[in-house]
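Chain by chain, the residues run as shown.
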Amino acid sequence: MAPHLLVALTGLLFVLFFGLLAVLRREGISLRFTAEALAVTAIVAGIAALTGADVNPALFVVALWLITMRVRLLVDLGNLLAGRRDHARAAQVYRVAQRLWPDESGRLLVMLNQGVLALHQNRVEEAIATLRQVLGQAEGGYLGVRSLAATHYNLGVAYQRHGADAQATLEFNAVLDTMPATEYARYARIALDRRKRQGAPPPE
């Protein structure tokens, strides 16, 4: 197969594969992701057609992945830093991720983790505002169900720390409704059971 045709086929398969993953995660298919992957594929295929240069398909897939997944890779790095309690550097990484033209799914994912970071730093009101904003903007379907469950759970924790018991209970129950087979659902059940033992009033 001609090098430029192999590049084009590889790029199309890359887009189809990650589009299928987005569907399986119940996320909206990102037009930004698709456009970026196809643009890079067209550029590389064009260069290969003009020069006749061979392009290693594996290296091309890695390059596509690094370019199109840049925001998610930075989110993972920020989460790693946050897990090590390096909150200042984690916040910097999240800010950089927001500046790298994320698609809607990536933008919401960054906001979710910024809200969780604020919660870890005990900036409870900021965490509540950020996580509520994520939920408000997630109605377009660009946030996967696992991330949606994580948002509800962390918002429940934030409400609990804020003394808003009824809202906390609603959010913990929303975790169970969203995706009951996650660690967030397990934590939500523990929180609800604890509140039940303590005799907390039911939500309005």
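Here's a quick rundown of the structure. (Residues numbered from 1 in each chain as written. Predicted model: local features only at pLDDT ≥ 70, side-chain atom pairs only at ≥ 80, totals over all residues. Heavy atoms only, no water.)

Description of the overall build of the protein
Part 1 of the reasoning: What the protein contains, in helices and strands, is ten helices and zero strands.
Part 2 of the reasoning: Start at the N end of the protein and walk to the C end: the helices and strands fall as α-α-α-α-α-α-α-α-α-α.
Part 3 of the reasoning: Seen through its C-alpha atoms, the protein measures out along the principal axes to roughly 75 × 35 × 25 Å.
Part 4 of the reasoning: Buried residues in the protein amount to 43% of all 204 residues.
Part 5 of the reasoning: Partitioning the intrachain contacts of the protein with sequence separation of at least 6 by distance along the chain shows that 58% fall at a separation of at least 24.
Part 6 of the reasoning: Total accessible area on the protein stands at roughly 11,400 Å², and carbon and sulfur atoms take up 60% of it.
Part 7 of the reasoning: Each charge class in the protein can be summarised by its mean position, and for the 21 positive and 16 negative side chains these summaries are 5 Å apart. (Helix = DSSP H or I, 4+ residues; strand = E, 2+ residues; numbered from the N terminus. Buried < 20%, exposed > 50% of the residue type's maximum accessible area, 1.4 Å probe, protein only. Contact = heavy atoms within 4.5 Å. Areas by Shrake-Rupley, 256 points an atom, 1.4 Å probe, with all protein chains shown as cover. Lys, Arg positive; Asp, Glu negative; His and termini not counted. Charge placed at Lys NZ, Arg CZ, Asp CG, Glu CD.)

A look at the packing of aromatic side chains
Part 1 of the reasoning: Applying the stated criterion across every chain, the model contains seven aromatic pairs.
Part 2 of the reasoning: A connected cluster of aromatic rings, assembled from ring pairs, spans Phe14, Phe17, Phe18 and Phe33. (Phe/Tyr/Trp six-rings, centres within 6.5 Å; stacked < 30°, edge-to-face > 60°.)

Notes on the nonpolar core
Part 1 of the reasoning: The biggest cluster of nonpolar side chains holds 38 residues, and the ones touching the most others in it are Tyr153, Phe172 and Val175.
Part 2 of the reasoning: Elements that contribute at least two residues to this core include exactly α4 (70–83), α5 (87–99), α6 (104–120), α7 (124–137), α8 (145–162), α9 (165–178) and α10 (183–197). (Core = buried A, V, L, I, M, F, W, Y, C linked by side-chain atoms within 4.5 Å.)

So, α10
Part 1 of the reasoning: With 15 residues, α10 should cover 21 Å at 1.5 Å per step; its first-to-last C-alpha distance of 21 Å lies within 8% of that length.
Part 2 of the reasoning: Those residues of α10 lying buried are Tyr184, Ala185, Ala188, Ala191, Leu192 and Arg195. Here the buried residues of α10 occupy an arc of 120 degrees about the axis, which is enough to place them on one side.
Part 3 of the reasoning: Turning to α10, the residues buried within the fold contact α8 and α9. (Expected span 1.5 Å × (residues − 1). Arc of directions from axis to C-beta.)

Looking at α8
Part 1 of the reasoning: The first and last C-alpha atoms of α8 sit 25 Å apart over 18 residues, in line with the 26 Å expected at 1.5 Å per residue.
Part 2 of the reasoning: Counting buried residues along α8, 13 of its 18 residues qualify, which places the element largely inside the surrounding structure.
Part 3 of the reasoning: Positive backbone phi, at 85 degrees, marks Gly163, one or two positions downstream of α8.

A short note on unusual backbone geometry
Part 1 of the reasoning: You will see that Trp101, though not glycine, has its phi angle at about 50 degrees, which is positive.
Part 2 of the reasoning: When you line up the elements, Trp101 lands in the loop between α5 and α6.
Part 3 of the reasoning: Unusually for a residue other than glycine, Asn122 sits at a positive phi of about 65 degrees.
Part 4 of the reasoning: Within the element layout of this structure, Asn122 appears in the loop between α6 and α7.

Brief notes about the pattern of salt bridges
Part 1 of the reasoning: By the definition in use, this model includes seven salt bridges.
Part 2 of the reasoning: The closest approach of N and O atoms between Arg70 and Glu36, which form a salt bridge, is 2.8 Å. You can see Arg70 sitting in helix α4 and its partner Glu36 sitting in helix α2 (residues 31–51), a full 34 residues away along the chain. The two residues Arg70 and Glu36 agree in class, both being buried.
Part 3 of the reasoning: Taking the shortest distance from any N to any O, the salt bridge between Asp103 and Arg72 comes out at 3.8 Å. Of the two residues, Asp103 sits in the loop between α5 and α6 while Arg72 sits in helix α4, which places them 31 residues apart along the sequence.
Part 4 of the reasoning: Residue classification places Asp103 among the buried positions, given a relative accessible area of 11%. (Salt bridge = Lys/Arg side-chain N within 4 Å of Asp/Glu carboxyl O.)

So, the environment of Leu16
Part 1 of the reasoning: Its place among the elements puts Leu16 in helix α1 (residues 3–24).
Part 2 of the reasoning: Remark: the alpha-carbon pair of Leu16 and Tyr187, spanning 171 residues in sequence, is separated by 35 Å.

Taken by themselves, the reported measurements are silent on function.
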